[in-house]
Every structure is written in structure tokens, then in C-alpha cells.
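Secondary and tertiary structure notes
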Amino acid sequence: MTHDERLLALLHKRPDDYTSGAELAERLGVSRTTVWNHVEALRKEGYVIEACTRRGYRLVSAPDRMLPDEIRRRLRTQWLGRRLWCYRETDSTNDVALARAAEGAPEGAVVLAEAQRRGRGRFHRKWLSPPAANILASVILRPDCHPSLVSQLVIAAAVAVAETLRSLHDLDAHIKWPNDVCVGTRKVAGILAELSAEAEQIKHAVIGIGLNVNMAPAEIPKAIRATATSVRIDLGHEVSRLDTLGELLVHFERWYDQWRRDGFAPVKARWAALSSSLGRRVEIVSGTAKITGLVADLDDDGGLMLRLDSGLVRKVASGDMTVVG
Ligand code: BT5
């Protein structure tokens, strides 16, 4: 632990009381001036720390920032997020996670960023997010399965995001195949899975999650103003990003554990309950092809089974879907 982290841990222990500069200095093994310097540094990070002559220091509030210490304080998982990397800015958290995974990072390690220079979606699309407003996270997993089953993990992540928005924020979130979570007609989250695999076996998978939490209406990038939303926009007030992340990790861990234990069936059943398209008439654009039909089912590799007007059932592996009836 760094001095800052140890200082915070000490202050967190006494939320309602002061701790003297002398005690902090002794516990950290530094001078009182050094304690003061650390307090100043933490204040610059957004911590509100009261200093009172003769009584010492008291932590009044912590910032809602993606800081490892604050995330760990809220972790309620067994294994997911126990290893964390947090960046103020990076190219893409998926890139960092893929690199860390290749270097041997453990399953459940999570990469977070406040901003991405080159956040991406599927098919080289951009993922846009104003700094320090949302959740940009990439989870490293090492599932023992065929590469084609990675889409089951995308579904599990979408279920976890939708459940988080429902349980913590009481939002009527639903899943839009294949990888969007929406509130009403607007997209609040997207998921991007990338992997390194041998022919029959995943070496590691990275599940990237972009979840719009505190993005204000005026902050929405122009390109997505007509289609995106955030928790803040839907609720009309800001919420804690740290609590939202904590809840998301709990849900995702639970679904991943269940998937490993019982296979895809329970995840699929939950997806069906949260899906906005099951039983609906949809149009799917995939490359230059366009196909219309009734959503009959989800295939085991995440493809959508469409009942065409001719009565034939056809599988669509990927694409962009719009509900048309
Ligand atoms: C996705 O792709 O929805 C997957 C997005 C995954 C983003 C995360 S953030 C952490 C990790 N690191 C990364 O670099 N990526 C992952 P797709 O279905 O292709 O949707 C992309 C489209 O969504 C864009 O073309 C925009 O139209 C729209 N979009 C971009 N940013 C958005 C946002 N913040 N909210 C809602 N829609 C957005």
C-alpha cells in the first residue's frame, strides 16, 4: 500500500472522529509535515478532509472516482475485481486488459478508465464517453470453452448490466440483441468481447463494458445525442458510479459462476425475461444484408433464431437489430 492508501485506510476507520497528526505520522512512519503533504495530495484528488488544530484530521467525503482504494472498499465479490488497474485515460480498456491477460493476469482482473482515447465498439465503431462520467470497464476471464461460446459471456454481461440498473436504480432496463442494454428506446450500455484463442479453446477473453452512468444531457457527444441515455438522464439526478460498479461486479460474478456451473440455460432464461425483442418482429442489418422476421429464440452461440414470413427459421449470427412490430 502507498502512504496515501494507508492514510486513507486510517481516516476511513474513524468516520466520525478526528485522528491526530502525531498518531497518523507515527502509524505511517513519516513526519507530520509529510502527513500534511499527503492530505493535500488527497484533497487534490477530490477527498474532503477536515483539518482541525489540536484535534487532527477527519475524512468528510470521498470522491466518486474510479480509484482502486474506493472500489475495493465497496467490493462485495468473491473473486471478480480483486485485481484492479485504474487509469485516468487510456486508449481502450480492452487493449490494456488484452495485454495484461497475455502477460498472465488472473481471471477476474478488471481494467477501468475515466476516459478512453480510442474506445471502440463492434466493427471498428467508436465508443464515446466524456471523462469521469461513466463506467468503462474490461474484465479478464479465462473460460474453459470453445471460442464460439464467447457470445454467451456477452449475454451474461448484458444480463448483469440490466439487473444492476434494475436492482440499484429501479430502471426498466432491457437487453437489445446482441450487446446493448437500453432504457426505453435509448442505449445506456454496450458490451464488446474480444479474445485470444487456440483452435478449440479460449486462452483468455476480455469483456468490455461501457455503461453510461452520470453523463449529463449537455455532455452527450453529438454523434449519439439522438440514441444514447444515461442513468442520470433517466433518473434526473446523479448517482454513485462506485456503487454502480460494485453492484455490476456482484451481478456479473454471480452469472459467470452460474454459467460455469450450469451452462448457458439459466443465463438464456434470464436473457429471455429481460429481452426487448423475444417474440417481436425485428429487422436485422448485417453488412449489406437485411432480414426481417419474428424473434423465436436465442441460439447457444448467441445467434438469434428468426422465424421468417415464409415460416422458415433462420439463424442470424450478428448485426444491428431494430424492433419493427
Ligand atoms: C458496443 O458496440 O456497444 C460495444 C461498446 C463497448 C464499449 C466498452 S467501454 C470499455 C471497453 N473498452 C473499449 O474500447 N470498448 C469497451 P456497438 O454495438 O458496435 O455500438 C457502437 C455504437 O454505439 C456507436 O457506433 C455509437 O452509435 C453508439 N455509441 C457510442 N458511444 C456510446 C455511448 N456512450 N452510449 C450509447 N451509445 C454509444
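This structure is a prediction, so every number in the text was calculated from the model and none was measured.

**Quick look at the site of the ligand**
- Near the ligand, the surroundings consist of 27 residues, among which Ser92, Arg120, Leu128, Lys187 and Asn212 are the closest.
- Between the ligand and Thr93, the relevant distance is 3.1 Å, taken from a nitrogen atom to a side-chain nitrogen or oxygen of the residue.
- Contact distances for the ligand include 2.8 Å between a nitrogen atom and a side-chain N or O atom of Asn212.
- With four residues, strand β8 (residues 186–198) is the single largest residue contributor to the shell around the ligand.
- Considering only residue class, the shell around the ligand consists of nine nonpolar, 12 polar and six charged.

**Examining the nonpolar core**
- Ranked by size, the top nonpolar core spans 64 residues in total, and within it Val161, Leu165, Val181, Phe252 and Ile284 carry the most contacts.
- The dominant element in this core, judged by the number of residues it contributes, is helix α6 (residues 150–169), at 12 residues.
- Three or more residues apiece are contributed to this core by two domains, here domain 2 (68–274) and domain 3 (281–323).
- In contact with Val181, not counting residues within four places along its chain, are Ala158, Val161, Ala162, Leu165, Ala173, His174, Arg186, Lys187, Val188 and Ala189.
- Membership of the second largest hydrophobic core comes to 16 residues, among which are Leu8, Ala25, Val35 and Val39.

**Re the side chain of Ser129**
- In this structure, Ser129 sits in the loop between β4 (110–113) and β5 (135–141).
- Using a relative accessible area of 15% as the deciding quantity, one classes Ser129 as buried.
- A distance of 3.0 Å separates the side chain of Ser129 from the side chain of Asn134, its partner in a polar contact.
- Ser129 has contacts with Asn134 and Leu136, leaving out every residue within four places of it along the chain.

**So, the sheet that holds strand β14 (residues 320–323)**
- Spatially, β13-β12-β11-β10-β14 is the arrangement adopted by the five strands of the open sheet, whose pairing is antiparallel. Lying at the two open borders of the sheet, with one neighbouring strand each, are β13 (313–316) and β14. In this sheet, adjacent strand axes meet at a mean angle of 45° when their direction is disregarded.
- As paired strands, strand β10 (residues 281–286) and strand β11 (residues 289–298) are joined by six bridges and run antiparallel to one another. Bridge pairing in β11 places Ser286 opposite Ala289.

**Quick notes on the pairing of strand β3 (residues 84–87)**
- As judged from the four bridges shared by β3 and β4, these two strands associate in the parallel manner. Of the residues in β4, the one forming a bridge with Tyr87 is Ala113.
- For the crossover from β3 across helix α5 (residues 93–102) to β4, the handedness is right-handed.

**Let's talk about helix α8 (residues 241–262)**
- Across its 22 residues, α8 extends 31 Å between first and last C-alpha, which sits within 8% of the 32 Å expected from 1.5 Å per residue.
- A side-chain oxygen of the first residue of α8 lies 3.3 Å from the backbone nitrogen of Leu242; this N-cap is Ser240.
- The positive-phi residue at the C-terminal boundary of α8 is Gly263, with phi of around 80°.

**Considerations on the domain arrangement of the protein chain**
- One can read the domain layout of the protein chain as domain 1 (3–61), domain 2 (68–274) and domain 3 (281–323).
- Domain 1 puts five residues into the contact, and the matching count from domain 2 is four residues.
- When domain 1 packs against domain 2, close to 410 Å² is buried across both sides, 37% of that on carbon and sulfur atoms.
- The largest contributions to the domain 1 side of the interface with domain 2 come from Glu5, His12 and Tyr47, which together make up 73% of the buried area.
- At the junction of domain 1 with domain 2, the criterion picks out one salt bridge.
- In this structure, the salt-bridge partner of Arg88 is Glu45, at a minimum N-O distance of 3.6 Å.
- At the boundary of domain 1 and domain 2, one finds two residue pairs in polar contact (both at pLDDT 80 or more).
- Considering each element in turn, the side of domain 1 that touches domain 2 owes the most residues, three residues, to helix α1 (residues 3–13).
- Each residue belonging to the side of domain 1 that touches domain 2 can be placed in one class, and the counts come to two nonpolar, one polar and two charged.

**Side note on the sheet that holds strand β9 (residues 201–211)**
- On the basis of which strands lie adjacent, the open sheet formed by seven strands has the order β3-β4-β5-β9-β8-β7-β6 and mixed pairing. On the outer flanks of this sheet lie β3 and β6 (173–176), each paired with one strand and no other. Looking at each pair of strands side by side, their axes are set apart by 20° on average, direction ignored.
- Where β4 meets β5, four bridges bridge the pair, whose relative direction is antiparallel. Counterpart to Val111 in the pairing with β5 is Ser138.

**What about the pattern of salt bridges?**
- Tallied over the entire structure, the rule returns 34 salt bridges.
- In this structure, Asp243 and Arg74 form a salt bridge, with 3.1 Å as the shortest nitrogen-oxygen distance. With Asp243 in helix α8 and Arg74 in helix α4 (residues 68–74), this residue pair connects regions lying 169 residues apart in the sequence.
- By relative accessible area, which is 36% here, Asp243 ends up partly exposed.
- Where Arg281 meets Asp309, a salt bridge forms, and the shortest distance between an N and an O atom there is 3.0 Å. One end of the pair, Arg281, is in strand β10; the other, Asp309, is in the loop between β12 (304–307) and β13, and 28 residues separate them in sequence.
- Classification of Asp309 by relative accessible area gives exposed; the value is 62%.
- Taken together, the shared-partner salt bridges in this structure form one network comprising Glu45, Asp64, Arg65, Arg88, Glu114 and Arg241.

Analysis parameters
- Residues numbered from 1 in each chain as written.
- Predicted model: local features only at pLDDT ≥ 70, side-chain atom pairs only at ≥ 80, totals over all residues.
- Heavy atoms only, no water.
- Near = heavy atom within 4 Å.
- Polar contact = N/O pair within 3.5 Å; in protein donor to acceptor, adjacent residues only side chain to side chain.
- Helix = DSSP H or I, 4+ residues; strand = E, 2+ residues; numbered from the N terminus.
- Nonpolar A, V, L, I, M, F, W, Y, C, P; charged D, E, K, R; others polar.
- Core = buried A, V, L, I, M, F, W, Y, C linked by side-chain atoms within 4.5 Å.
- Buried < 20%, exposed > 50% of the residue type's maximum accessible area, 1.4 Å probe, protein only.
- Domains from an automatic or database assignment.
- Contact = heavy atoms within 4.5 Å.
- Pairing = 2+ DSSP bridges.
- Axes fitted to C-alpha atoms, helices over the stretch in contact; angles between N-to-C directions.
- Right-handed = clockwise from strand over helix to strand, strands pointing away.
- Expected span 1.5 Å × (residues − 1).
- Buried area = accessible area lost by both parts, 1.4 Å probe.
- Salt bridge = Lys/Arg side-chain N within 4 Å of Asp/Glu carboxyl O.

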